[in-house]
Amino acid sequence: MGMPEISPEDLNYVREMVRTRSAIVLEPEKAYLVQSRLEPVAKSEGVQTLAELVQKLRQVPFGPLHKKVVEAMTTNETSFFRDLSPFQALKETVLPDLLARKALTKKLTIWCGASSSGQEPYSILFTILEEFPELKQWDIQFTATDISVEMLKRCQEGRYSQLEVNRGLPASLLTKYFTKKGLAWQVQDDIRKMVSFREMNLAGTWLPFPKLDLVLIRNVMIYFDVPTKKQILKKARELMEPHAYLFLGGSETTMNLDDGFERVAVSGTSCYRLKKQ
Ligand SMILES: C[S@@+](CC[C@H](N)C(=O)[O-])C[C@H]1O[C@@H](n2cnc3c(N)ncnc32)[C@H](O)[C@@H]1O
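Worth saying up front: this structure is predicted, and the values here are computed from it rather than measured.

Chemist: Where do I start with the domain arrangement of the protein chain in this structure?
Modeler: For interface size, the figure often reported is the accessible area lost on association. You can read the domains of the protein chain as domain 1 (8-72) and domain 2 (85-274). Taken together, the nine residues of domain 1 in the interface contact 11 residues of domain 2. Overall, the association of domain 1 and domain 2 removes approximately 720 Å² of surface from exposure, summing both partners, and the carbon and sulfur fraction of that is 50%. Of all residues in domain 1, Ala 23, Lys 67 and Glu 71 give up the largest surface area on contact with domain 2, accounting jointly for 52% of the area buried on that side. For Glu 199, the salt bridge identified is with Lys 67, shortest N-O distance 2.8 Å. Taken together, the links from domain 1 to domain 2 amount to seven residue pairs in polar contact (both at pLDDT 80 or more). When contributions to the side of domain 1 that touches domain 2 are tallied by element, the ones reaching two or more residues are helix H1 (8-22) and helix H4 (64-72). In the side of domain 1 that touches domain 2, the residues fall into four nonpolar, one polar and four charged.

Chemist: Whenever I open this one, the nonpolar core confuses me. Can you help?
Modeler: If you look at soluble globular proteins, the nonpolar side chains tend to sit buried side by side. Among the nonpolar cores identified, the biggest contains 51 residues, and Val 14 and Ile 217 are the most heavily contacted of them. Elements with a minimum of two residues in this core: H1, helix H2 (31-44), helix H3 (50-59), H4, strand S7 (212-217), helix H11 (226-239), strand S8 (240-248) and strand S10 (269-274). Of the residues that make up this core, three or more belong to each of domain 1 (8-72) and domain 2 (85-274). Sequence-distant contacts of Val 14, defined by excluding residues within four places in its chain, comprise Ile 6, Val 34, Leu 38, Val 54, Val 69 and Met 73. Counting 44 residues, the second-largest nonpolar core is a separate cluster that includes Phe 80, Leu 90, Leu 98 and Leu 152.

Chemist: Whenever I open this one, the pattern of salt bridges confuses me. Can you help?
Modeler: Side chains carrying opposite charge are able to pair once their charged atoms draw close together. Evaluation of the coordinates by the stated rule reveals 18 salt bridges. With a shortest N-O distance of 3.9 Å, Lys 67 and Glu 71 are connected by a salt bridge. Placement of the pair is Lys 67 and Glu 71 together in helix H4, with a separation of four residues, close to one helical turn.

Chemist: When you look at the packing of helix H5 (residues 85-101) against helix H6 (residues 119-131) in this model, what are you seeing that I'm missing?
Modeler: Helix packing for two helices is described by the angle between their axes and how far apart those axes are. Relative orientation of the contacting elements H5 and H6 amounts to 45 degrees, with a least axis distance of 10 Å. Accordingly, the angle class assigned to the pair H5 and H6 is oblique. You can see that H5 and H6 cross each other, and the crossing is right-handed. Every residue of H6 that contacts H5 at Phe 87, Leu 90, Lys 91 and Leu 95 is listed here: Glu 120, Ser 123, Ile 124, Thr 127, Ile 128 and Glu 131. Of the residues contributing to the contact of H5 with H6, the split by class is five nonpolar, two polar and three charged.

Chemist: In this structure, what is going on with the site of the ligand? I would like to understand it.
Modeler: The environment of the ligand is formed by 22 residues, the closest being Ser 22, Thr 78, Ala 114, Asp 146 and Asn 219. Measuring from a nitrogen atom of the ligand, one finds a side-chain N or O atom of Asn 201 at 2.9 Å. Between the ligand and Asn 219 there is a distance of 2.7 Å, counted from an oxygen atom to a side-chain nitrogen or oxygen. Starting from 600 Å² of accessible surface for the ligand in isolation, the protein chains cover 99%. The class makeup of the residues in the shell around the ligand is eight nonpolar, nine polar and five charged.

Chemist: Mind showing me how you'd approach unusual backbone geometry here?
Modeler: Excluding glycine, residues mostly have negative phi values, and the peptide bonds linking residues are mostly trans. The phi dihedral of Ala 114 falls on the positive side, at around 60 degrees, and the residue is not glycine. Residue class for Ala 114 comes out buried when judged on its relative accessible area of 16%. Backbone geometry places Ser 267, a non-glycine residue, at a positive phi of 45 degrees. Mapping Ser 267 onto the fold places it in the loop between strand S9 (261-266) and S10. Here Ser 267 falls in the partly exposed class, since its relative accessible area comes to 23%.

Calculation rules
Residues numbered from 1 in each chain as written. Predicted model: local features only at pLDDT ≥ 70, side-chain atom pairs only at ≥ 80, totals over all residues. Heavy atoms only, no water. Domains from an automatic or database assignment. Contact = heavy atoms within 4.5 Å. Buried area = accessible area lost by both parts, 1.4 Å probe. Salt bridge = Lys/Arg side-chain N within 4 Å of Asp/Glu carboxyl O. Polar contact = N/O pair within 3.5 Å; in protein donor to acceptor, adjacent residues only side chain to side chain. Helix = DSSP H or I, 4+ residues; strand = E, 2+ residues; numbered from the N terminus. Nonpolar A, V, L, I, M, F, W, Y, C, P; charged D, E, K, R; others polar. Core = buried A, V, L, I, M, F, W, Y, C linked by side-chain atoms within 4.5 Å. Buried < 20%, exposed > 50% of the residue type's maximum accessible area, 1.4 Å probe, protein only. Axes fitted to C-alpha atoms, helices over the stretch in contact; angles between N-to-C directions. Parallel < 35°, antiparallel > 145°, perpendicular 65-115°, else oblique. Left-handed = near helix turned anticlockwise from the far one by under 90°. Near = heavy atom within 4 Å. Areas by Shrake-Rupley, 256 points an atom, 1.4 Å probe, with all protein chains shown as cover.

Okay, structure coming up:
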């Protein structure tokens, strides 16, 4: 049986706290979502009601319990080669172009914001390794970030259930890059080491990135309000090399948010590049 319904005041407190700390906007009509995601946190804290949990949160300044609540409010839905066409675009257009442009320095900088449990950065790596084996000799600086420490742990472990690998991962890649660990599959060590997984709040202070060739911020800005989206796109744009590519989620766009980008059609999808000055 579920816990008693969260009160409107407590709901508002949680919505405000989550918004301030992560930019995630929880609409008031999403009370059921807040309720269902808070209940496991309350249980793990050993309290019987959400009122008690919120009281605990109110009593102390922002700390580990608040962070746990923020993480519980994130949606971590992802899969290998999600939407397929962006990976097709990487293979057919984007990576060949970057390879040509960076042939002299043989250095490639990639950032995947909001990496969730890691399927997205690993899908990019598999594309690189399969389609452009010469890149193994390059200096690839690949950073993947997320706000959720729990998700980052999953990224680092690179361990996926049968169900998760069944979602989008070709069998040939499974046998080549994973090792069976009990009922799960783990990405091999040398592959996992190719990505640096770091905690970063897109709405907070960013890591000191180098100039970037390829940026993916997919399926996360949908949770933010317009000023936050604008701020993130501006910061990302300033970090991008003039030739760089940006991929957003299928329902996301830079349109009406940042006019420094132009949309480019690639392999049945679109990505964004910096407008020429
Ligand atoms: C729906 S998943 C998208 C994962 C992947 N990019 C994809 O497209 O499959 C959204 C991710 O954004 C992360 N997230 C939410 N708010 C964030 C924030 N303020 N800063 C960084 N990451 C955030 C969540 O923890 C979650 O892992």
